[in-house]
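Notes for the structure review
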Amino acid sequence: MDAHESLLELIGNTPLVRLRTPSDGRGAPVYAKLEYLSAGGSVKDRIGLRMIEEAERSGALRPGGTVVEATSGNTGAGLAMVAAAKGYRMIVVLPDKSSAEKVNTLRAYGAEVVVRPGGLPLEHPEHILNVAAGIAERTPGAWFAGQYGNPANPEAHYLTTGPEIWRQTGGRVTHLVSCVGTGGTISGTGRYLKEASGGRVRVIGADPAASVYSGGDGRPYFVEAAGRFRHPETVDDSWPDSYQREVVDEVLPIRDRDSLTTIRRLAREQGLLVGGSAGTALAAALRVAAGLGPEQLVVAILPDSGRQYLSKYFNDQWMLRQGFLDGDPAVARVGDLLPAARRAEPLPYLHHHAPVGEALAVLRERQGTGADPVVPAGPAPVGPGRQPTSMELAGAVSLAQLEAALAAGRAAVTDRVGDHLGEPLPVFGAGEGAAAALAELSGRGCGTAVVLADGHAVGLVGAGELAVLAGAEPKQGR
Ligand code: PMP
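Residues numbered from 1 in each chain as written. Predicted model: local features only at pLDDT ≥ 70, side-chain atom pairs only at ≥ 80, totals over all residues. Heavy atoms only, no water.

Another point: the packing of helix α7 (residues 256-270) against helix α8 (residues 276-290). What describes two packed helices is the angle between their axes and the distance between those same axes. At a closest axis distance of 7 Å, the pairing of α7 and α8 adopts a crossing angle of 95°. Taken as axis vectors, α7 and α8 run roughly perpendicular relative to one another. Contacts between α7 and α8 involve D258, S259, T262, I263 and L266 from the first element and G276, A278, G279, T280, L282 and A283 from the second. (Axes fitted to C-alpha atoms, helices over the stretch in contact; angles between N-to-C directions. Helix = DSSP H or I, 4+ residues; strand = E, 2+ residues; numbered from the N terminus. Parallel < 35°, antiparallel > 145°, perpendicular 65-115°, else oblique. Contact = heavy atoms within 4.5 Å.)

Given below as structure tokens:
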């Protein structure tokens, strides 16, 4: 028989495939390690298996026991799959922003899902890591997997991913490119390849540009599961033990737009459907390969499949709205209202901790056009060059609304703006058609919208401005 006795034998051992690169003939060849072909669909199957088997060996996890982890992503699925195959109960704590597909995948494996608010500082007792640790403590027979500090995470890659790449390339690999989330993949794989090659293999991290690993400020970004976000109120941001920085030679920042356009092109031009962090790794790998010679060989680890992101990165509507697509140049577009000079002006935006008195001053300064002035607000730090992302537009305040609240005694000038937020303003991508945007804005009964470019708020537009622009259609060629 040519068959496996257990599903667990189908974890890892993923194929390596050569990609067509733009500089074919010049530069180094790029090979992709397709982690979506593992049994559970991601690179995290490997650590799901290794962490559970190490816990069995140490006695931390016994028959009938419970596996607990805090994760919105693939580690939960990898652990849930292995737990199901081995007969353990599984509890996963997730942030409330997790996609329905991810939550439902965990439930499909029989995991119990506990949802807590996302976007909290690490110190907050309701942060998913603290909630998971608490559940593990209170539940008899429970074991907290803890991928950020569990040595079995990098070890899984030292024992499997690294040796596979070395064998598959016949020892010819010269550069490894990988994302860094917990750091397990790059640390374990990189360490093995450096040892096997006598230190010759160069290890390169690929990181969302806003992530702290590549020197960003830790503000939100759109590539899921890679990099490190830092909540503005997190006091002590110590990096995970599973990230062994001495293994990594350099970390390249990759903009969200580059990651996302890379995977969209890869799917259309080469038939490979992979996730956003794979785009980050590939964009970095292509950049590295372009500067090398044909005798060198770059391997990029592609952590998961694009099927988990069909409603986002592969959805034109979502991409347009977030301002990641340029739209149809034959029609007037929302972004045409925002020439470079105006985009450079700071967006009117209030930090949610600002006092109501300050909000009143900002709003009164914007009075005069007849319309009720309105300004978005949220947790993003304010300052020159710091445009909030669409994820940081928590709500908005209008002058009429604030004045009414003050008059009725429902608000005081010393209150925080965040306690008096109305609904967030509608958002439009800079590439969206102005006429369609105007119709949607009117349909929602709003007079002002936020314009997004590359997921960041770059300006406010009024219905009047959109109407003027839309009336000018059809526009002559540009
Ligand atoms: N990309 C995806 C899709 C992932 O699920 C992960 C793991 N969180 C990573 C990248 C980063 O891998 P690691 O945690 O091993 O650094």
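Back to the write-up after that little detour.
A few words on the sheet that holds strand β1 (residues 16-18). Taken in spatial order, the 6 strands line up as β1-β2-β10-β7-β8-β9 in an open sheet, and their pairing is mixed. What marks the edges here is a single partner per strand, and that holds for β1 and β9 (250-254). Each neighbouring strand pair of the sheet contributes to a mean axis angle of 25°, computed without reference to strand direction. Note that strand β7 (residues 175-179) and strand β8 (residues 202-208) share 5 bridges and pair parallel. Paired with C179 across the bridge in β8 is A206. Taken strand by strand, helix α5 (residues 152-168) contacts β1, β2 (30-34), β7 and β10 (298-302), and its axis lies near 140° from that of β2. (Pairing = 2+ DSSP bridges.)

Let's shift gears to the site of the ligand. The environment of the ligand is made up of 13 residues, and the closest members are K44, G181, T182, T185 and S277. Within the contact set of the ligand, an oxygen atom lies 2.8 Å away from a side-chain nitrogen or oxygen of K44. G183 is positioned with one of its backbone polar atoms (N or O) 2.8 Å from an oxygen atom of the ligand. Of the residues in the shell around the ligand, the class split is 4 nonpolar, 7 polar and 2 charged. (Near = heavy atom within 4 Å. Polar contact = N/O pair within 3.5 Å; in protein donor to acceptor, adjacent residues only side chain to side chain. Nonpolar A, V, L, I, M, F, W, Y, C, P; charged D, E, K, R; others polar.)

As a further point, take unusual backbone geometry. Positioned with a positive phi, N13 is a non-glycine residue whose angle comes to about 50°. Residue position: N13 is located in the segment before β1. Despite not being glycine, D454 shows a phi value in the positive range, around 50°. Mapped onto the secondary structure, D454 falls in the loop between β15 (448-453) and β16 (456-462). Given a relative accessible area of 24%, D454 falls into the partly exposed group. (Buried < 20%, exposed > 50% of the residue type's maximum accessible area, 1.4 Å probe, protein only.)

Tallying each qualifying case throughout the model produces 9 aromatic pairs. Judged by centre distance (5.7 Å) and plane angle (75°), the ring pair of Y158 and Y192 falls under edge-to-face. In this pair, Y158 sits in helix α5 while Y192 sits in helix α6 (residues 184-196), placing the two residues 34 residues apart along the sequence. What makes Y158 partly exposed here is its relative accessible area of 27%. Judged by relative accessible area, which is 21%, Y192 ranks as partly exposed. Look at W239 and Y243: their rings are 6.1 Å apart centre to centre, the planes differ by 25°, and that puts the pair in the stacked class. Under the relative-accessibility criterion, W239 is labelled partly exposed at 25%. (Phe/Tyr/Trp six-rings, centres within 6.5 Å; stacked < 30°, edge-to-face > 60°.)

Time to look at the domain arrangement of the protein chain. How large an interface is tends to be reported as the accessible area lost when its parts come together. Once the domains are mapped, the protein chain shows domain 1 (14-39 + 154-309), domain 2 (44-144) and domain 3 (320-470). Relative placement of domain 1 and domain 2: their C-alpha centres are 25 Å apart. If you look at the interface, domain 1 gives 24 residues, while domain 2 gives 14 residues. Around 1,500 Å² of area is buried between domain 1 and domain 2 when both sides are counted, 44% of it from carbon and sulfur atoms. In terms of surface lost to domain 2, no three residues of domain 1 exceed A156, H231 and Q308, which account for 27% of the buried area on that side. (Domains from an automatic or database assignment. Buried area = accessible area lost by both parts, 1.4 Å probe.)

One finds L260, V298 and L302 to be the most contacted residues of the largest nonpolar core, which totals 37 residues. Listing elements by their share of this core, those giving two or more residues are β2, β7, β8, β9, α7, α8, β10 and α9 (316-321). For this core, the leading source of residues is α8, giving 8 residues. Not counting the four nearest positions on each side in its chain, L260 is found in contact with V223, Y313, W318, M319 and F324. Grouped together as the second largest cluster of nonpolar side chains are 26 residues, M51, Y88, L106 and A152 included. (Core = buried A, V, L, I, M, F, W, Y, C linked by side-chain atoms within 4.5 Å.)

The subject of this paragraph is the pairing of β16. Burial runs high along β16: 6 of the 7 residues are buried. By the bridge criterion, 6 bridges tie β15 to β16 in an arrangement that is antiparallel. Across the sheet, residue T448 finds its bridge partner in β16, namely G462. In this structure, the hairpin formed by β15 and β16 is closed by a connection of 2 residues, where D454 is found at a positive phi of approximately 50°.

Taking 1.5 Å as the rise per residue, α5 with 17 residues should run 24 Å; its terminal C-alpha atoms sit 23 Å apart, in good agreement. Bending of α5 peaks at approximately 35° at the position of Y158. For α5, the complete set of buried residues consists of A152, N153, P154, A156, H157, T161, G162, E164 and I165. At its buried positions, α5 is contacted by β2, α1 (45-58), β7, α6 and β10. Of the residues trailing α5, G170 is marked for its positive phi of about 60°. (Expected span 1.5 Å × (residues − 1). Bend = angle between axes of the 7 residues up to and from the residue.)

The next subject is the environment of F314. Structurally, F314 can be placed in the loop between β10 and α9. Between the C-alpha atoms of F314 and T261, which are 53 residues apart in sequence, the distance is 9.6 Å. When near neighbours in sequence (up to four residues on either side) are disregarded, F314 contacts I263, R264, A267, L273, V274, G306 and Y309.

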